[in-house]
Amino acid sequence: VAMATKMHFTTVDYVIFALLLVASAGIGLFYAFSGGRQRTTQEFLMADRSMSCLPVSLSLLATFQSAVAILGAPSEVYTFGTQYWFLGCSYFLGLLIPAHVFIPVFYRLRLSSAYEYLELRFNKTVRICGTVTFIFQMIIYMGVVLYAPALALNAATGFNLWGAVLAMGLVCTLYTALGGLKAVIWTDVFQTVVMFAGQLAVIVVGAGQAGGMAEVWRKAVNGSRVAGLDLNPDPLERHTFWTLGVGGVFLMLALYGVNQAQVQRYLSSRTEKQAIMSCYVVFPCQQIVLCLGCLMGLVMFARYGEDSPLDRGYVQTKDQMVVYFVMDVFRDLPGLPGLFVACLFSGALSTISSAFNSLATVTMEDLIKPHFPNMTETKATFLSKGLALVYGLVCLAMAYLASLMGSVLQAAFSIFGMIGGPLLGLFCLGMFFPCANSTGAVLGLLAGLAMAFWVGIGSFVMRASSPGVVPPLNNTIFDNVTASVGPVLQTATPRPVGLEALYSLSYMWYSAHNSTTVVLVGLVVSLLTGPMKEKDLRPGTVFPVLGTLLFFLPERYKEKLCCATALASEPRDVQAKPYRTGQTDGAFASEDESEGEEAQTKIVPSSGQTLPPVVQETAL
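Quick caveat, the model's predicted, so the values are computed rather than measured.

What about the nonpolar core?
The biggest cluster of nonpolar side chains holds 163 residues, and the ones touching the most others in it are Phe-106, Tyr-117, Phe-325, Phe-340 and Phe-345. For this core, the element with the most residues is helix α8 (residues 161-210), which contributes 19 residues.

In structure tokens:
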């Protein structure tokens, strides 16, 4: 029988939790005082572009897998069954497209910030719009990621709320500001291992107590928690195969294709091939993480059945249920609750440290360096470290705001999901549509953001005011960066029409809906205001969609169809427009000025690699 009182940590639990924080800080200090000692912006922000495939892929995974997902997935499966498992189908395209479309373009342009691309393809205004949108998105999200696990922990165990927030925030700020991207990536690797260990321990012990995995499965089937393939195409249905498997692809692209935190990891890889491989390695790891989350939900169901701790009043929200369940399962096993809490906080630390580092990078590369092209390397590095520190303190302030917002917590998550879609649309507009111009890009982004906030806020207000709706925070999936509004209407309600139907759109379609808005508005405005000409496009900024799809045709036919110019064989354009200028063409001061040969042309093969000829598509 579950205990009605709060369960508290033992000394062993506190020791294990403290060890996690000490180890994370230790990795940061190690990189602060070893190697190049983070003396250059290349080392601090880009890890010297020297990372191999495995740490990069585990870091990509950890950034995606925050504490919020560890809390959200099991409670989602406990409440609504295993339909959520089909999200795994979206990972396939969601990782293949970044690997073979976005990574080659970003890597060959030798960028430091994903938003540098927007200036190369459009102009400085579009770059600044993209950067400011991203900074707004990440700052809001960081506070929630820090506060949500601390709140759940406090409710279920009495663990000091602000003690947890401060410990996490300060340790994270310390190792990110001292050790740079190398420290962030290697602590992510360590934290991924801790996350796997924590979740596995809960599943093994919990299933053992429930009478084995076969018994867990039997109870789940009897309680109709094992869902079949739901092929209902209705976009208003919260979770079906289409919303998860197709809508999920757009969420994955917004995250793995164009999010600065992830792009920065690809660009820190030793070679383009290693960057692509890291995407492939993430795929099986993500499937394992999804399975662990779903299994934990089924083990919870086997333990409590329909009589959840939430119904009994032991916890206030679904997010706290997972922590309560862990404390309940591990009651007589001191040390294991500490391991799970370490797992939970590893998720939060890995997400926040990535946010600090990516925010410091875009602020430095997009907002500061273009105005101070002659800044010395020492000063630039010092300033980058200062920025990481400042963002750390901003994050703590945001956590405090999140505590005041209460149920507006969900709105903060929604804002994150709402902004990811328009940014994805902006990059797709530049990469796949050669005729798109800068006016179209700016107006498209604004239209996408307006649409996102209209639908998101409308949905939030409608569901908060409708009777017969489950209270907002109780059944939201907080799936890390892709989280959005997700409360569910009761099944008996009639199908909404008109604006209500728009507001009832499944949160899994938000990213697809918003990015499509950006592309359509951007194209219409571009065609009305004079589309881009072939000669004005910078080589390497447009991905040859037709050329890639029609790979089986001989080269001469492809050139006729694509109006293509090979990138590698024609340096004419590169010399005509030097990459290092203070003009609106591209303020590229991102590398150490002494790197002469790389400074002359930004598009260079790395470490003896030969670049294949990239066809540049210049016609719709």
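Overview of the pattern of salt bridges
Here the structure, examined in full by the defined rule, presents twelve salt bridges. A salt bridge links Arg-108 to Glu-272, with the nearest nitrogen and oxygen atoms 2.9 Å apart. With Arg-108 in helix α5 (residues 87-108) and Glu-272 in helix α12 (residues 272-304), this residue pair connects regions lying 164 residues apart in the sequence. In this pair, the class of Arg-108 matches that of Glu-272, namely buried. Glu-215 is the partner of Arg-218 in a salt bridge, and the nearest nitrogen-oxygen pair spans 2.7 Å.

Description of helix α6 (residues 114-121)
For α6, a buried count of eight out of eight residues is recorded, marking the element as mostly surrounded by other parts of the structure. For α6, every residue scored as buried is listed here: Ala-114, Tyr-115, Glu-116, Tyr-117, Leu-118, Glu-119, Leu-120 and Arg-121.

Some remarks on helix α10 (residues 241-257)
In this model α10 runs 22 Å from its N-terminal to its C-terminal C-alpha over 17 residues, within 8% of the 24 Å that 1.5 Å per residue would give. A maximum bend of about 35° is found in α10 at Gly-248. In terms of burial, α10 is a largely internal element, 14 of the 17 residues being buried.

Things to note about the environment of Lys-273
For Lys-273, the location among the structural elements is in helix α12. Here Lys-273 falls in the exposed class, since its relative accessible area comes to 65%. In this structure, the C-alpha to C-alpha distance between Lys-273 and Ala-99, residues 174 residues apart in sequence, is 9.5 Å.

About the cut-offs
- Residues numbered from 1 in each chain as written.
- Predicted model: local features only at pLDDT ≥ 70, side-chain atom pairs only at ≥ 80, totals over all residues.
- Heavy atoms only, no water.
- Core = buried A, V, L, I, M, F, W, Y, C linked by side-chain atoms within 4.5 Å.
- Buried < 20%, exposed > 50% of the residue type's maximum accessible area, 1.4 Å probe, protein only.
- Helix = DSSP H or I, 4+ residues; strand = E, 2+ residues; numbered from the N terminus.
- Salt bridge = Lys/Arg side-chain N within 4 Å of Asp/Glu carboxyl O.
- Expected span 1.5 Å × (residues − 1).
- Bend = angle between axes of the 7 residues up to and from the residue.

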